[in-house]
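So the chains spell out like this:
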Amino acid sequence: MALAQEPQERMLTSPDGTRIWAASNGNTSKPAIVFVHGLSCTALGWDRQFADAGLQRAFHLVRYEMRGHARSGKPLDEDGYTSRKIADDFKTVCEAFGVVKPFLCGWSLGAAIVVDVVTAFGPDYLSGIVYVGGPIVALHYLPQFRHPVMNELFPIITSLTSDDLSDGGERFVDSCVARPLSFEEKLSFMGGFLMQPRAARYWSIKRNQDHTVWEATARPLPVIIIQGEEDQHCLYDVMIDIALRVYDEVEVTMMPDIGHSPHIENPEQTNRTIEAWVTKAVAAQKGRAE
């Protein structure tokens, strides 16, 4: 039996040639969870999950950096951000680490990857979905649940010409949490934001994504939403209503005094919630199979 492994980092190549940074940790004999970070961030945002002993024992933990971000390749044109290429990145990571039917844990923009994966490979490619922190359940619906704070910031942070990018980036990072980050952690967030080319940020959020296949077929996937009540990126009541319309089985955990980043602001509660819910979902799936 494969047991807990030493953390592994790999630089992978997606089918279109884009390099994708990925890493794994935990117990390779257990169900896999693939963690996907948010806009202009990095996989470092999941450090508190990858260092958690309970999650390491219970699951095979995998994370990667989306194209256009951090250590992965950064195409500068729209063609580099097609839905199929983004789905292929996810599949490349899964295949590299021997992952089959993972749970996808998406934070903010990372949650939108669910739509790409389901559209390309069908809902059976996943075992379930963990939405964390103002998840963008589909890019099509983003205008409906984008918070007024982000409505103000979006023209700055997605501009190809803005002279206010550093100020906009700092305001973007500050808005990710309900209480200020330490200066060291803020610099880490800022580094992820500023190392991303403007065009990569623009196409990461402005790309075309067909939501219709996902909306028509994803209903059977079990879902949990872990949501901060002080989120300044997402009008979460609207987002949750959309999720309830698309999926049959949605559990919601609300966290008071927490902003857009529950996994960073309250990692202990987030980790125990993930552990309990995924364990329950796996048991339910085994029960239905017997």
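Heads up: the structure comes first, above all this text.
This section reports on the structure supplied with the text.

Parameters and conventions
Residue positions are given per chain, counting from 1 as you read along its sequence in written order. Local features in a predicted model are, by the rule used here, given only for residues with pLDDT of at least 70; side-chain atom pairs are given and counted only at 80 or more, and totals for whole chains, interfaces and linings are based on all residues. Note that the side-chain values use all heavy atoms of the structure and ignore hydrogens as well as water. Only DSSP runs of H or I reaching four residues or more are called helices, and only runs of E reaching two or more are called strands; each is numbered from the N terminus. Throughout, radius of gyration means the C-alpha value; the globule benchmark is 2.2 Å times the number of residues raised to the power 0.38. For each residue, the accessible area found with a 1.4 Å probe, counting protein chains only, is set against the maximum for its type, and the residue is called buried under 20%, exposed over 50%, and partly exposed in between. Contacts are assigned to residue pairs that have any heavy atoms within 4.5 Å of one another. Note on terminology: pairs of cysteine sulfur atoms within 2.5 Å are recorded as disulfides. Between the rings of Phe, Tyr and Trp (Trp by its six-membered ring), a pair exists once the centres lie within 6.5 Å; its type follows the angle of the planes, with under 30 degrees stacked, over 60 edge-to-face, and the other angles tilted. Note on criteria: charge over ring means Lys NZ or Arg CZ within 6 Å of the ring centre, with the direction from the centre no more than 35 degrees off the ring normal. If DSSP finds at least two bridges between two strands, the strands pair. Contacts described as polar in this section are N or O atom pairs within 3.5 Å, which, within protein, must combine one atom able to donate a hydrogen with one able to accept it, while residues neighboring in sequence count only if both atoms come from side chains. Think of it as the arc spanned by the lines of direction from the helix axis to the C-beta atoms. Buried Ala, Val, Leu, Ile, Met, Phe, Trp, Tyr and Cys residues that are joined via side-chain atoms within 4.5 Å together make up what is termed a nonpolar core. Crossovers are marked right-handed if the path from the first strand over the helix to the second runs clockwise, as seen with the strands pointing away from the viewer.

1. Some words on the overall build of the protein
The number of helices and strands found in the protein is 13 helices and 8 strands. In terms of overall size, the protein behaves like a compact globule, its C-alpha atoms giving a radius of gyration of 17 Å where 290 residues would be expected to give roughly 19 Å. Referenced to the eigenvectors of the C-alpha coordinate spread, the extents of the protein come out at roughly 60 × 40 × 40 Å. For the protein, the proportion of its 290 residues judged to be buried stands at 59%. Relative to all contacts within the protein whose residues are 6 or more apart in sequence, the contacts with residues 24 or more apart total 76%.

2. Thoughts on the state of the cysteines
Disulfides are covalent bonds that connect the sulfur atoms of two cysteines. Counting across every chain of the model gives 0 disulfides. Cysteine Cys-41 shares no disulfide, and the gap to the nearest cysteine sulfur, in Cys-176, comes to 5.3 Å.

3. Regarding the packing of aromatic side chains
Considering all chains together, one arrives at 11 aromatic pairs under this definition. Summarising the aromatic geometry, the rings of Phe-103 and Trp-277 are spaced 6.0 Å apart at their centres and angled 80 degrees between planes, so their arrangement reads as edge-to-face. You can see Phe-103 sitting in strand S5 (residues 103–107) and its partner Trp-277 sitting in helix H13 (residues 267–289), a full 174 residues away along the chain. The exposure class assigned to Trp-277 is buried, which follows from its relative accessible area of 4%. Ring centres of Trp-107 and Phe-189 lie 6.5 Å apart, and the angle between their planes is 80 degrees; on these two criteria the pair is classed as edge-to-face. Here Trp-107 is found in strand S5, whereas its partner Phe-189 is found in helix H8 (residues 183–194), with 82 residues between them in sequence. Across the pair, Phe-189 and Trp-107 agree in class, each one buried. Ring pairs connect the aromatic residues Tyr-64, Phe-90, Phe-121 and Tyr-125, which therefore count as one cluster. Lying across the ring of Phe-97, Arg-10 places its NZ or CZ 5.7 Å from the centre.

4. A word on the pairing of strand S2 (residues 19–27)
Most of S2 sits out of view: 8 of its 9 residues are buried. Relative to strand S4 (residues 60–64), S2 runs antiparallel, the two being bridged by 5 bridges. Opposite Ser-24, over in S4, you have Val-62 as the bridge partner.

5. Focus: the environment of Phe-35
Secondary-structure assignment places Phe-35 in strand S3 (residues 32–36). Between the alpha carbons of Phe-35 and Ser-14 there is a distance of 17 Å; along the sequence they are 21 residues apart. If near-sequence neighbours (up to four positions away) are discounted, Phe-35 is found in contact with Trp-46, Gln-49, Phe-50, Leu-61, Val-62, Arg-63, Tyr-64 and Cys-105.

6. Some remarks on the environment of Gln-56
Inspection of the secondary structure puts Gln-56 in helix H2 (residues 53–58). For the pair formed by Gln-56 and Tyr-81, sequence separation is 25 residues and the distance between their alpha carbons is 32 Å. Leaving out residues up to four positions away in the same chain, Gln-56 has contacts with Asn-25, Gly-26, Asn-27, Phe-50, Ala-51 and Leu-61.

7. Focus: the environment of Asp-174
For Asp-174, the position within the fold is in helix H7 (residues 165–174). Classification of Asp-174 by relative accessible area gives partly exposed; the value is 38%. With 98 residues separating them along the chain, Asp-174 and Leu-76 place their C-alpha atoms 26 Å apart.

8. Some remarks on the side chain of Thr-18
Mapping Thr-18 onto the fold places it in the loop between strand S1 (4–13) and S2. Within polar-contact distance, the side chain of Thr-18 engages the side chain of Asp-16 at 3.1 Å.

9. Observations regarding H7
Three or more residues of H7 are buried, namely Leu-165, Gly-168, Gly-169, Phe-172 and Val-173. Projection of H7 onto a plane perpendicular to its axis shows the buried side chains occupying an angular sector of 135 degrees, all on one side. On its buried side, H7 packs onto helix H6 (148–157), H8 and helix H9 (198–206).

10. Some thoughts on the nonpolar core
Judged by nonpolar contacts, the single largest core of 88 residues is most densely connected at Tyr-64, Phe-90, Tyr-131, Trp-214 and Tyr-247. The element best represented in this core is helix H11 (residues 236–246), accounting for 6 residues. Not counting residues up to four positions away in its chain, the partners in contact with Tyr-247 are Val-114, Ile-129, Tyr-131, Trp-214, Ala-218, Arg-219, Leu-221 and Val-223.

11. Looking at the pairing of strand S7 (residues 223–228)
Taking burial as the measure, the 6 residues of S7 include 6 buried ones, the bulk of the element. The sheet contact formed by strand S6 (residues 128–132) and S7 spans 4 bridges and is parallel. Bridge pairing in S7 links Ile-129 to Val-223. Between the parallel elements S7 and strand S8 (residues 250–255), the chain passes through H11 in a crossover that is right-handed.

12. Remarks on the side chain of Arg-201
Inspection of the secondary structure puts Arg-201 in helix H9. Within the structure, the side chain of Arg-201 is placed 3.4 Å from the backbone oxygen of Ile-157, a separation counted as a polar contact. In this view, Arg-201 contacts Leu-39, Ser-40, Ile-157, Leu-165, Phe-193 and Gln-196; residues no more than four positions away in its chain are not counted.

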